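Topology and contacts: notes
Each chain, letter by letter, is given below.
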Amino acid sequence: MTVDKDALLASDHAHLIHPLHSKAGHQDAHVWVRAHGSTLVDADGSEYIDGLSGLWNVVAGHGRTELAEAASRQMTTLPYCSGYTGSSNPNAIALAERLARLTYPSINRFFFTSGGGESSDTNFKTARYYFRQLGKPEKTKVISRQWAYHGVTLAAMSATGISGYFGPMFEPRVPGFSHISSPYPYRYEAPEGVSPGIAAANELEQKILEEGPETVAMFLAEPVQGAGGILIPPDDYFPRIREICDQYDVLLAADEVITGFGRTGTMFGLEHWGIEPDIIQYAKAITSGYFPLGGTGVSDKIADVIDSGEDVWMHAYTYSAHPVGCAVAMANLDIIEGEDFPGQAAEKGRYLLDGLQAALGDHPHVGDIRGLGLMLGVEIVEDRGTKQDFAAEEKVGARVHQAMQQHGLFSRMRGDVVCVAPPVVITHEEMDRIIAAVAGGIGDVLGSS
């Protein structure tokens, strides 16, 4: 079948508003028409490695017939039913039971959403409900971090710490949200005699005391910050965070929307540091992007309050516990567990990290190369010695992004950080092509090593 890309784009420009909409940035957009494995195919027939798994979500790769068949079977059996109290369905029950086995031991109760932003909002409301039922209605505030991404609903945007997602165009933000520094190992400057991980974590205690411990309900954090540029915390960071949350009766919420279901080399991200959160939120990889599904999970102590609270937990979404989404998730979890995605991500992530370091470790404009599992970042700087960034008007990141596409890689940038997070099913030959494309794109714009 012939596809007229120009005609499609003309109709697109006339009728669509895109996420992060920019008319200028969409003039020469791709129109994706097919995909298989780790490969995307544009309307003009060009093929690209899917370097970010869609938007971090297509962990099982494109074209998995098992997932399409699971959706088809459910759509012809029970395409939709309400998940409100008084209704349930076998797939939602089975998925919740399975998640109780896969997630942190203290988390055994789950609520389903359509995606990560809804999951953030759900957890903000859950924290408020929890403390109100305990007689602490003033505990409503949420602390998150610079470079955090938690979604772009009005409340989730207020927790997000990347200024481009709010800035002046959507302010004022929702009251009660504040931020501390990211534990950004390449750039965080700790006081003398204190490790960067402990110093960054101690900022949480300082912020709680500043806001008033009696008013702070939740600290929300990604185990590895994805959209913020692949920021991997020092090993002593999250254990100290857990201590602080316990000391001040603050719920620790783990945003596992990107890190959940194997991407970092463990099933869930905080497993790397041996701690458990009070609340989790997830989406993306739970269905490999084949159906919009997300959710939250709460600890037994929170679930007990929800069950016994005097007030109904008055929170709902039309598509919560969607039977088709839950069926796809169950089939996808068969793949994730059966093909050992955590083990694959750990091994393949090391391969990519070693390859990127070998190709770019001596480049004068590459300041840092980092990764955990299949979440990797290459940070481009003007001056490697001082870590000085390129001026924004030079648009180095955008130019590198375009250049990498000429080498057959489609991914995303956070400013001048190349973000790499391919499907877990990626082959070693494809990973070699990613390494060559990142090195080639940087070389085209900034010269070779």
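Up top is the structure.
These remarks concern the structure in this document. What you see is a predicted model, and the numbers here were worked out from it, not measured in a lab.

1. Examining the environment of Arg73
Its location among the elements puts Arg73 in helix α3 (residues 65-75). Expressed as a C-alpha distance, the spacing of Arg73 and Val324, which sit 251 residues apart in the sequence, is 8.7 Å.

2. Re the pairing of strand β3 (residues 47-50)
Bridge analysis of strand β2 (residues 39-42) against β3 gives three bridges, and the strand direction is antiparallel. Across the sheet, the residue bridging to Val41 is Glu47, located in β3. With two bridges connecting them, β3 and strand β13 (residues 409-410) associate as parallel partners. Counted as the bridge partner of Ile49 is Leu409 from β13.

3. A short note on the packing of helix α12 (residues 341-360) against helix α14 (residues 428-446)
Two elements in contact, α12 and α14, have axes whose closest approach is 10 Å; the angle formed by their N-to-C orientations is 30 degrees. As the angle between them shows, α12 and α14 are arranged roughly parallel. Handedness of the α12/α14 crossing: right-handed. Contact residues: Glu347, Lys348, Tyr351, Leu352, Gly355, Leu356, Ala359 and Leu360 in α12; His428, Met431, Asp432, Ile434, Ile435, Val438, Ala439 and Ile442 in α14. The residue makeup of the contact of α12 with α14, split by class, is 11 nonpolar, two polar and three charged.

4. Focus on the pattern of salt bridges
Here the structure, examined in full by the defined rule, presents 22 salt bridges. Here Glu211 and Lys141 are joined by a salt bridge, their closest N and O atoms 2.9 Å apart. With Glu211 in helix α8 (residues 196-211) and Lys141 in strand β5 (residues 141-145), this residue pair connects regions lying 70 residues apart in the sequence. A single salt-bridge network, built from bridges that share partners, covers Arg187, Asp368, Arg370, Glu379 and Asp389.

5. With respect to the sheet that holds strand β6 (residues 177-180)
The seven strands lie next to each other as β4-β10-β9-β8-β7-β5-β6, forming an open sheet whose pairing is mixed. Whereas interior strands pair on both sides, the edge strands pair on one side only; in this sheet they are β4 (107-113) and β6. Neighbour-to-neighbour, the strand axes of this sheet turn through a mean angle of 25 degrees, independent of strand direction. Judged from the three bridges that link them, strand β8 (residues 251-255) and strand β9 (residues 279-282) form a sheet pairing that is parallel. If you follow Ala253 over to β9, its bridge partner there is Ile279. On the sheet, α8 packs against β5, β6 and β7 (216-221) and is oriented at approximately 145 degrees with respect to β6.

6. Describing the packing of aromatic side chains
According to the stated counting rule, one finds 13 aromatic pairs in the structure shown. Ring geometry for Phe111 and Tyr317: centres 6.1 Å apart, planes at 45 degrees, overall tilted. Of this pair, Phe111 sits in strand β4 while Tyr317 sits in the loop between α10 (300-308) and α11 (323-338), placing them 206 residues apart in sequence. You'll find Phe111 and Tyr317 in the same group, each marked buried. Ring geometry for Phe124 versus Phe177: centroids 5.0 Å apart, planes at 75 degrees, classification edge-to-face. Of this pair, Phe124 sits in helix α5 (residues 116-133) while Phe177 sits in strand β6, and the two are 53 residues apart along the sequence. Side by side, Phe124 and Phe177 carry an identical accessibility label, which is buried. Here the aromatic cluster, defined as three or more aromatic residues joined through ring pairs, consists of Tyr104, Phe261, Phe268 and Tyr282. Here the basic side chain of Lys139 rests over the ring of Phe131, its NZ or CZ set 5.0 Å away from the ring centre. The ring of Trp147 carries the charged tip of Arg414 above its face, separated from the ring centre by 4.0 Å.

7. A look at the state of the cysteines
Under the defined criterion, the tally for this structure stands at zero disulfides. In this structure Cys81 is not part of a disulfide, and its nearest cysteine sulfur, from Cys326, lies 8.9 Å away. Residue classification places Cys81 among the buried residues on the basis of a relative accessible area of 16%.

8. Points about α12
The end-to-end C-alpha distance of α12, which contains 20 residues, comes to 27 Å, matching closely the 28 Å that a straight helix rising 1.5 Å per residue would cover. Among the residues of α12, those classed as buried are Phe341, Pro342, Gln344, Ala345, Lys348, Gly349, Leu352, Leu353, Gly355, Leu356 and Leu360. One face of α12 carries all of its buried residues, which in axial projection span an arc of 165 degrees. With respect to the buried face of α12, the exposed residues turned more than 90 degrees away are Arg350 and Ala358. For α12, the elements touching its buried residues are α11, β11 (366-371), β12 (376-380), β15 (417-420) and α14.

9. As for the sheet that holds β12
Sheets are built from strands paired through backbone hydrogen bonds, the pairs being either parallel or antiparallel. With antiparallel pairing, four strands are arranged side by side in an open sheet as β11-β12-β15-β14. In this open sheet, the two edge strands, each paired with only one partner strand, are β11 and β14 (412-414). Strand-to-strand twist in this sheet, taken as the mean axis angle between neighbours without regard to direction, amounts to 20 degrees. Pairing analysis gives four bridges linking β12 to β15, with the strands arranged antiparallel.

10. Remarks on the layout of surface pockets
Of the pockets and cavities examined, the second largest pocket occupies roughly 880 Å³. Together, 30 residues line the second largest pocket, and Gly83, Thr85, Phe110, Phe111 and Trp313 are the ones closest to its centre. For the lining of the second largest pocket, the secondary-structure elements that each account for two or more residues are α4 (90-102), β4, β10 (294-299) and α10.

11. Some points on the nonpolar core
Phe112, Phe219, Phe261 and Val438 are the most contacted members of the largest nonpolar core, which has 95 residues in total. The leading source of residues in this core is α11, at eight residues. Those residues in contact with Val438 that sit more than four places away from it in its chain are Leu356, Leu360, Val378, Met404, Leu409, Val418 and Val420. Counting residues in each nonpolar core, the second largest holds 19 residues, with Ala127, Tyr129, Phe131 and Ala253 among its members.

12. Focus: the side chain of Asp12
Within the secondary structure, Asp12 is located in helix α1 (residues 5-15). Leaving out residues up to four positions away in the same chain, Asp12 has contacts with His18 and His26.

About the thresholds
Residues numbered from 1 in each chain as written. Predicted model: local features only at pLDDT ≥ 70, side-chain atom pairs only at ≥ 80, totals over all residues. Heavy atoms only, no water. Helix = DSSP H or I, 4+ residues; strand = E, 2+ residues; numbered from the N terminus. Pairing = 2+ DSSP bridges. Axes fitted to C-alpha atoms, helices over the stretch in contact; angles between N-to-C directions. Parallel < 35°, antiparallel > 145°, perpendicular 65-115°, else oblique. Left-handed = near helix turned anticlockwise from the far one by under 90°. Contact = heavy atoms within 4.5 Å. Nonpolar A, V, L, I, M, F, W, Y, C, P; charged D, E, K, R; others polar. Salt bridge = Lys/Arg side-chain N within 4 Å of Asp/Glu carboxyl O. Phe/Tyr/Trp six-rings, centres within 6.5 Å; stacked < 30°, edge-to-face > 60°. Buried < 20%, exposed > 50% of the residue type's maximum accessible area, 1.4 Å probe, protein only. Lys NZ or Arg CZ within 6 Å of the ring centre and 35° of its normal. Disulfide = S-S within 2.5 Å. Expected span 1.5 Å × (residues − 1). Arc of directions from axis to C-beta. 1 Å grid on protein atoms, 1.4 Å probe; cavity = no way out; pocket = protein on both sides within 12 Å on 5 of 7 lines; lining within 4 Å. Points joined across faces, edges and corners; volume = space filled by probe spheres on them. Core = buried A, V, L, I, M, F, W, Y, C linked by side-chain atoms within 4.5 Å.

Read these as geometric descriptors, not functional statements.
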